[in-house]
Structures are given as C-alpha cells and as structure tokens.
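Summary of the model geometry
Here is what each chain is made of, one letter per residue.
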Amino acid sequence: MSVSLSNVWKTYGEGPTAVHALGGVDAEIPSGEFTVILGPSGSGKTTMLNLIGGIDDVTSGDLLVEDLNLTGLSTDDRVAYRRSTVGFVFQFFNLIPTLTALENVELVTNLTMGNGAERAAEVLEHVGLADRLDHFPAMLSGGEQQRVAIARALAKSPPILLCDEPTGELDFETGRLILDLLRRVNRDENQTVLLVTHNAAIGDMADRVLRLRSGSIVEDRRNANPIEAGELTW
C-alpha cells in the first residue's frame, strides 16, 4: 500500500509550551518500497511512524494510506486500521515471557483468523524458527526473539510493516541477519516497509532514505543500487 503525507503536523501541548514533533511534512511512499527513516533522537522519526501506524492522530494535514485518510479517524476506526493493515516491529521485542514462541504469535493470529496455530507455525517457519515453536523467550537468543516479534508482525499478512530500531538491541552480525529478513519479506510479499533508525549505514540497503531533523524532512533520496544487508558495515 502507498503512503502519502501532505503538510502533516503533530503538536503536543498548547500555547508557548507546545512541542511540534512534526512540522509540515510532505512525503510520497509508493507501495512495496523499502524506506529507511534516519535522524537523531527527537527528530520526529518515531512520531512519523506512529502516525502512519494509527497509534497517534495527526494534528493537521492529510495522511493517506491508499484512499484512507487517517487524519481525524475515530479511535475504533484506528483500531480497525491497525488490525487489518499494519504490522509493528519494535526495538524491544515485547514478547510475553510466560508464553512460547508459538503462543506469542498465536495472540495475533487468533484475533485475525480462524486457523491461529497453523498460521503461527507457518510464519515462524518462514523466519527460520520451526524448531523453536515450544521455546519460551528466555530460552531464545536476542536475534531469535526479534524473529519471533517479526513473525508476530507478519502473521496477519499486513501490507505495511513498520519497524522502529529493530536492530537496536542486537549485535552487528545478528542485526544484519534481521535486516536481511526484513528485506526478503519486503521483496517476497511486496510489503511496504518503513524502518526507523539512527544508524545511517542502514540507509544504503533501502530503496529510499528520508532524513529528519527537528520535525522536518531535510533529505529525500533514492538509492539507484541498494546493497544487500549482508554487505552493510558500521
């Protein structure tokens, strides 16, 4: 699915203490594009991701996902949008420690489809964890836990995948493996992927790089020849 931001503002608070997390952002993200959003802390990266994900509401401007304008959606409509359209992958894996890998993914599949266990096992196999279904998070490495989190995000086959610092808690080699997995998902499923990071090197594997500073886009470039995740260095 495509994403379009037109003069999008997000303001927290009012009056002289108001904070403009995003200030008049314009961007067109075509369906199936792998976009990396760069910027330092406080630049508006996560705010932009949260608005596209329907976690938060736009203060003003238009934010369209295909033909749906997210601006001003009711809480119930945003919930329905998140359930049907968006998958989230976060820096911290947010797995429930008392549930197995399979059960963590089933939390999503049971909400969105009838064959919850079957689909959960299928996506865990897709991310290379077919032999870890009955393992609890404490029994898994950091990279394996992040793959469970990715499987959970993929379980409902969302057309948009939003990733907020997905390699931030991982070592270099494991981080590259996770990035390779996300890129393969993007290509195989034609999913629109937006990945937020402060690591500029990751932008070299993207179709598109958006760089934010102080709530504004200061760079918008396309990579003619994106490199593979395994070629990244930082």
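Residues numbered from 1 in each chain as written. Predicted model: local features only at pLDDT ≥ 70, side-chain atom pairs only at ≥ 80, totals over all residues. Heavy atoms only, no water.

1. A word on helix α1 (residues 45-52)
Across the eight residues that make up α1, a large majority, six, are buried. Where α1 is concerned, the buried positions are K45, T47, M48, L49, L51 and I52. Just beyond α1, the residue with positive phi is G54, at close to 75°. (Buried < 20%, exposed > 50% of the residue type's maximum accessible area, 1.4 Å probe, protein only. Helix = DSSP H or I, 4+ residues; strand = E, 2+ residues; numbered from the N terminus.)

2. Describing the environment of A80
Its location among the elements puts A80 in helix α2 (residues 75-85). Looking at A80, the relative accessible area reads 42%, which means it is partly exposed. Along the backbone, A80 and G54 are 26 residues apart, and their C-alpha atoms lie at a distance of 9.5 Å.

3. So, the packing of aromatic side chains
In this description, an aromatic ring pair is defined by two values, namely the gap between the centres and the angle between the planes. Summed over all chains, the structure comprises two aromatic pairs. Both rings, one in F88 and one in F90, keep their centres 5.8 Å apart while their planes meet at 5°; by these two values the pair is stacked. Centroid distance F172 to W234: 4.9 Å. Interplanar angle 85°. Geometry classified as edge-to-face. Of this pair, F172 sits in helix α6 (residues 172-189) while W234 sits in the segment after β10 (216-222), and the two are 62 residues apart along the sequence. (Phe/Tyr/Trp six-rings, centres within 6.5 Å; stacked < 30°, edge-to-face > 60°.)

4. Re the sheet that holds strand β5 (residues 68-69)
Backbone hydrogen bonds hold the strands of a sheet together, and the pairing may be parallel or antiparallel. Taken in spatial order, the four strands of this open sheet run β2-β1-β4-β5, and their pairing is antiparallel. Where the open sheet ends on each side, the last strands, each with one partner, are β2 (19-29) and β5. As judged from the five bridges shared by strand β1 (residues 3-12) and strand β4 (residues 60-65), these two strands associate in the antiparallel manner. The partner of V3 across the bridge, within β4, is V65. In the packing of α1 onto the sheet, contacts are made with β1, β2 and β4, and the angle to β1 comes to roughly 115°. (Pairing = 2+ DSSP bridges. Contact = heavy atoms within 4.5 Å. Axes fitted to C-alpha atoms, helices over the stretch in contact; angles between N-to-C directions.)

5. Things to note about the packing of helix α4 (residues 116-126) against helix α5 (residues 142-154)
At a minimum axis separation of 9 Å, α4 and α5 run at an interaxial angle of 130°. With respect to α5, the axis of α4 lies oblique. Considering only the axes of α4 and α5, their crossing is right-handed. Here R119, V123, L124 and H126 of α4 come into contact with α5, specifically with V148, A151 and L154. Of the residues belonging to the contact of α4 with α5, the class tally is five nonpolar, one polar and one charged. (Parallel < 35°, antiparallel > 145°, perpendicular 65-115°, else oblique. Left-handed = near helix turned anticlockwise from the far one by under 90°. Nonpolar A, V, L, I, M, F, W, Y, C, P; charged D, E, K, R; others polar.)

6. Concerning the sheet that holds strand β9 (residues 208-213)
Within the open sheet, the six strands sit side by side as β6-β7-β8-β3-β9-β10. Their pairing is mixed. For this open sheet the edge positions go to β6 (86-90) and β10, each flanked by a neighbour on one side alone. On average, adjacent strands in this sheet sit at an angle of 15° to one another, irrespective of strand direction. Where strand β3 (residues 34-38) lies against β9, four bridges are found, and the strand directions are parallel. Of the residues in β9, the one forming a bridge with V36 is V209.

7. Overview of the side chain of N223
Along the chain, the position of N223 falls in the segment after β10. Since its relative accessible area comes to 18%, N223 is described here as buried. Here the side chain of N223 touches A206 through a polar contact of 2.8 Å, landing on its backbone oxygen. When neighbours within four sequence positions are excluded, N223 is seen to be in contact with G203, D204, A206, D207 and V209. (Polar contact = N/O pair within 3.5 Å; in protein donor to acceptor, adjacent residues only side chain to side chain.)

None of this, on its own, says anything about what the molecule does.
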